[in-house]
Amino acid sequence: MSNAVTAVPAAPAAEALAHFRVRLAFETDCADVHEALASGAPGFVLAEARGPKAYAAGHVPGAINLPHRTITAERMAEWPQDTLFVVYCAGPHCNGADRAAIRLAELGRPVKIMIGGITGWLDEGFELERS
């Protein structure tokens with residue numbers, strides 16, 4: 001008996017493997033970001049793509065405020081060209097991180113999105129910082 005899940009067959013294992021490996025080149029999750037930040041040498045800049053008021057109300061500790069509208073070549077000159085940026089926004093209902101990732105990629109910057117954003121961070125039980 002077919003249903004919405006089984007009506008479309010799953011991809012062959014080799015295709016699934018390639019797909020999920022590629023996804024990890026574009027995304028990371030809150031738990032991995034938390035662990036990397038706790039190490040003291042994460043190897044990336046964590047950037048919140050929401051505006052200054054939202055950032056001040058609560059952001060991931062260690063994150064800078066980098067609203068997607070402010071991402072320009074001049075602004076990004078502060079960091080070496082090969083600096084990895086991990087961007088996030090409010091959560092799965094928000095596309096601010098996607099917009100930030102697009103702007104960074106357009107500038108030739110390596111970038112990943114922290115899936116889940118603030119919502120995912122809180123769901124993991126992690127605290128926010130307020131400023």
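For the structure itself, look to the data block above.
(A) Local environment of the pattern of salt bridges. Per the counting criterion, the structure on display carries 3 salt bridges. The partner of Arg-23 in a salt bridge is Glu-27, with the nearest N and O atoms 3.1 Å apart. On the basis of relative accessibility, which here comes to 23%, the residue Glu-27 falls in the partly exposed class. Note that Glu-78 and Arg-75 form a salt bridge whose closest N and O atoms lie 3.0 Å from each other. Residue class for Glu-78 comes out exposed when judged on its relative accessible area of 57%.

(B) Spotlight on the packing of aromatic side chains. On inspection of all chains with the given rule, the structure shows 2 aromatic pairs. Aromatic side chains Trp-79 and Phe-85 sit 5.3 Å apart centroid to centroid with 90° between the ring planes, which places their arrangement in the edge-to-face category. Note on Trp-79: relative accessible area 15%, which makes it buried. Ring centres 4.8 Å apart and planes at 55° place the aromatic pair Trp-121 and Phe-126 in the tilted group. There is no split in this pair, since Trp-121 and Phe-126 are both buried.

Basis of the calculations
- Residues numbered from 1 in each chain as written.
- Predicted model: local features only at pLDDT ≥ 70, side-chain atom pairs only at ≥ 80, totals over all residues.
- Heavy atoms only, no water.
- Salt bridge = Lys/Arg side-chain N within 4 Å of Asp/Glu carboxyl O.
- Buried < 20%, exposed > 50% of the residue type's maximum accessible area, 1.4 Å probe, protein only.
- Phe/Tyr/Trp six-rings, centres within 6.5 Å; stacked < 30°, edge-to-face > 60°.

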